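If you want the building blocks of each chain, they are given just below.
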Amino acid sequence: MPGTLIAGNWKMHGFAADLQQIRDIVAGLPACGPRFEALICVPATLLSRASEAAFGSRLYIGGETCHPAVTGAFTGDISAEMLKDAGASHVIVGHSERRRYHGESDEDVQAQANAAIEAGLIPIICVGETLDQRESGATLEVISRQVAGSVPSGAWPDGIVIAYEPVWAIGTGRVALPEQIGEVHLFIRNLLLERFGQAGAATRLLYGGSMSPANAEAILQVAHVNGGLVGGASLKAADFLSICRIACGTRAGT
Ligand code: PEP
């Protein structure tokens, strides 16, 4: 069974003053089993300083996207190698906001995930349906296409994380029901088992979409949910730490 990962996504939030939240998370992380991991993905401008603030602690620091190339004439872009160099251990790829506002396709996401793996980072590959897709009964078809298209073929199942994030639940306060989460997580698990054989059981599957201290326990009890990708509630150390404590209690540090 995969370990538990609670990952924060600060999106385009965070100034130097907010590094205090990182220090507070470092100071307050619960003593949990060794298979529990906590991560905060920050804007690139904060990466080095957040990594310094978390240095020597159990908090990992990650990036929010990366370019597939190592270096090159891509003004404004940041490569996975650069994230690694700045202290990142993970990088989110294919977040629905990147897919939507930057037109990133499954092919792009797969190339980014590949670059992350090559750089020694763990990619957190995001998939999820829109409300229209859910309402038209296309959820599993969309998830299947995104997993097939975004997960690199050469990936080690335990070297990647997949986050199921229904687009309609991100930043809306609307959380998917445990049955909806359970159906999609089981579906993704089966896709991974088909693709990687028994090793597919080792990939951590996160749920993301308005996770908060109020709903984390119910979500983290769902089968095949191995943690959470947390946006808004990761911006305040107190909320993020509450979710970490709930994860430790609910999943006994698995
Ligand atoms: C996210 O940014 O991936 C996310 C799930 O955001 P929120 O928790 O705010 O819905």
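All values derive from a computational prediction rather than experimental measurement.

Quick notes on the pairing of strand β7 (residues 204-208)
Of all 5 residues in β7, 5 are buried; the element is thus mostly enclosed. Side chains of β7 alternate between two faces, with R204, L206 and G208 and L205 and Y207 buried alike. For the segment spanning strand β6 (residues 161-164), helix α8 (residues 178-196) and β7, crossover handedness is right-handed. In the sheet, β7 pairs with strand β8 (residues 227-230) via 2 bridges, with the strands oriented parallel. Bridge pairing in β8 places G208 opposite L229.

Some points on unusual backbone geometry
You will see that S210, though not glycine, has its phi angle at about 55°, which is positive. Its location among the elements puts S210 in the loop between β7 and α9 (216-220).

A word on the site of the ligand
Surveying the vicinity of the ligand reveals 14 residues, the closest of which are K11, E165, G171, S210 and G231. Residue N9 places a side-chain N or O atom 3.0 Å away from an oxygen atom belonging to the ligand. At 2.7 Å, a backbone N or O of S210 approaches an oxygen atom of the ligand. For the ligand, the protein covers 95% of the area, taking 290 Å² as the surface of the free molecule. Classifying every residue of the shell around the ligand gives 4 nonpolar, 8 polar and 2 charged.

Parameters and conventions
- Residues numbered from 1 in each chain as written.
- Predicted model: local features only at pLDDT ≥ 70, side-chain atom pairs only at ≥ 80, totals over all residues.
- Heavy atoms only, no water.
- Buried < 20%, exposed > 50% of the residue type's maximum accessible area, 1.4 Å probe, protein only.
- Helix = DSSP H or I, 4+ residues; strand = E, 2+ residues; numbered from the N terminus.
- Right-handed = clockwise from strand over helix to strand, strands pointing away.
- Pairing = 2+ DSSP bridges.
- Near = heavy atom within 4 Å.
- Polar contact = N/O pair within 3.5 Å; in protein donor to acceptor, adjacent residues only side chain to side chain.
- Areas by Shrake-Rupley, 256 points an atom, 1.4 Å probe, with all protein chains shown as cover.
- Nonpolar A, V, L, I, M, F, W, Y, C, P; charged D, E, K, R; others polar.

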